[in-house]
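Residue-level listing of the chains:
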Amino acid sequence: MSNYPRTLLEFQHLFPDEVACAHHLERIRWPEGFECPSCSQVGEPWRLQVRPRVLECRQCGYQVSLTAGTVMHRTRQPLPIWFWAAYLVTTQTPGMSALQFQRQLGIKRYETAFLMLHKLRAAMVRPERDRIGAEWPVEIDETYVGGATQGEGRGRHHKTLVVGMVEVLPRKKALGPDPNLPSGQRPQHRGGHGRSFIAGRLRLQTIPNRKQETLEPMVLANVQKKAEVRTDGWTGYDNLHNLGYNHTAVPVRGDQAKTAQHLPMIHIVFGNLDAWLLGTHHGVSPAHLQGYLNEFVFRFNRRFWPMVGFDSVLKIAAQVESPTNRDFYKNAQTSSNPVEPDEPVLTG
Ligand SMILES: [Zn+2]
């Protein structure tokens, strides 16, 4: 854990070129040393100076691409550009727009920058999920995200419905030891708007409607049974008690004071999400919204330990096959059950 870069200079020092990045990928894939995928020989491979992304087995001559099966597969971009992307996206509090990324790293085409960021977002999800709420109460609510209504009359044109679920912790329990700090010091930044509670883990998911048959599977997939869950008085949540949850519903009916009292944290999250989508990305299309939600959740759940996020993206990038460009655009509209990787965050 001690070799996480904590500053831009440290980062540049650790990953100055193609060879350094390739070496890092190699260490992530074979922490105990290279093992040939073909003949299982363990030991130092040949490293090809002109092709740093390739290792060759000394026994059988099998060649392994370090980027195969990662989001960087077959990319023409230099590895340091990918590493910078992963670093900036996971460590900068507001993330980064494709335009900022393109300009700062001198990428020729906007489409390239856009696609790279989306591929990293794909590395921020894993297929199986753990459920929240085992230890702490969970606030659940829905919100409409994105879209513009100007010139189209009243209503929620082009807006997408999102359900959010967030753990609420007493502040003094909130922060475990910082895995980035060698001595286990606690982070300086505490967040939480000066309140006596603080957000734990978060889940965000686009949904087609607010019906009970839509909301219930979302809760079941994301929140532990027997958890204490808090919602407003919406009928879609009427059956949560029968599903095994300790459910408290308070009819807030748009009353700000009641909402602030009963569901404060999820509304802070929704506000931050809105500000981020508008401020950093100037709005996003419904087709890509889930990808942005994944990124928001990923960073939110690692906000006290941003360097762990960087490592996660690379680790997962080495394990999860990236979608092809065509698949990406197809899947962007149908992605479901996304969840961020399993990392030790906010443990009491
Ligand atoms: Zn071999």
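Scroll up to find the structure.
Please read all numbers here as calculations on a predicted model, not as lab measurements. (Residues numbered from 1 in each chain as written. Predicted model: local features only at pLDDT ≥ 70, side-chain atom pairs only at ≥ 80, totals over all residues.)

Some details on helix H6 (residues 212-222)
Three or more residues of H6 are buried, namely Leu215, Met218, Val219 and Asn222. The buried residues of H6 occupy one face: seen down the axis, they fall within an arc of 95°. Residues of H6 that are buried in the fold lie against strand S4 (138-145), strand S5 (160-170) and strand S6 (197-207). (Buried ≥ 20, exposed ≤ 12 C-beta atoms within 10 Å, placed from the backbone. Helix = DSSP H or I, 4+ residues; strand = E, 2+ residues; numbered from the N terminus. Arc of directions from axis to C-beta. Contact = placed C-beta atoms within 7 Å.)

Let's talk about the sheet that holds strand S3 (residues 63-65)
Here we have three strands laid out as an open sheet, ordered S1-S2-S3, and antiparallel in their pairing. Strands with a single pairing partner mark the edges of an open sheet, and in this sheet they are strand S1 (46-47) and S3. (Pairing = 2+ DSSP bridges.)

Quick look at helix H2 (residues 18-29)
Between its terminal C-alpha atoms H2 stretches 17 Å, which fits the 16 Å expected from twelve residues at 1.5 Å a residue. Of all the positions in H2, only Cys21, Ala22, Leu25 and Glu26 are classed as buried. The buried residues of H2 all sit within an arc of 145° when viewed along its axis, so they share a single face. The inward-facing, buried residues of H2 abut strand S2 (54-56) and helix H3 (79-91). (Expected span 1.5 Å × (residues − 1).)

A short note on the packing of H3 against helix H5 (residues 110-122)
Across the interface, H3 lies against H5 with an axial gap of 10 Å and an inter-helix angle of 65°. As for how H3 packs across H5, the hand of that crossing is right-handed. Mapping the contact onto sequence places Trp82, Ala85, Ala86 and Val89 in H3 and Met116, Leu117 and Leu120 in H5. Class assignment of the residues belonging to the contact of H3 with H5 gives a composition of seven nonpolar, no polar and no charged. (Axes fitted to C-alpha atoms, helices over the stretch in contact; angles between N-to-C directions. Left-handed = near helix turned anticlockwise from the far one by under 90°. Nonpolar A, V, L, I, M, F, W, Y, C, P; charged D, E, K, R; others polar.)

Re the nonpolar core
Formed by 69 residues in total, the largest nonpolar core has its most connected members in Ala85, Ala86, Leu120 and Val166. Among the elements that take part in this core, H3 stands out by supplying ten residues, more than any other. No fewer than three residues from each of domain 1 (1-66) and domain 2 (138-286) sit in this core. (Core = buried A, V, L, I, M, F, W, Y, C linked by C-beta atoms within 7 Å. Domains from an automatic or database assignment.)

Here we look at the packing of helix H4 (residues 98-105) against H5
Relative orientation of the contacting elements H4 and H5 amounts to 115°, with a least axis distance of 8 Å. If you check the angle between H4 and H5, you find them roughly perpendicular. Seen from above, H4 lies across H5 with right-handed handedness. Residues Ala98, Leu99, Phe101 and Gln102 of H4 lie in contact with H5, whose contacting residues are Tyr110, Ala113, Phe114 and Leu117. (Parallel < 35°, antiparallel > 145°, perpendicular 65-115°, else oblique.)

By themselves, these figures tell us nothing about what the structure is for.
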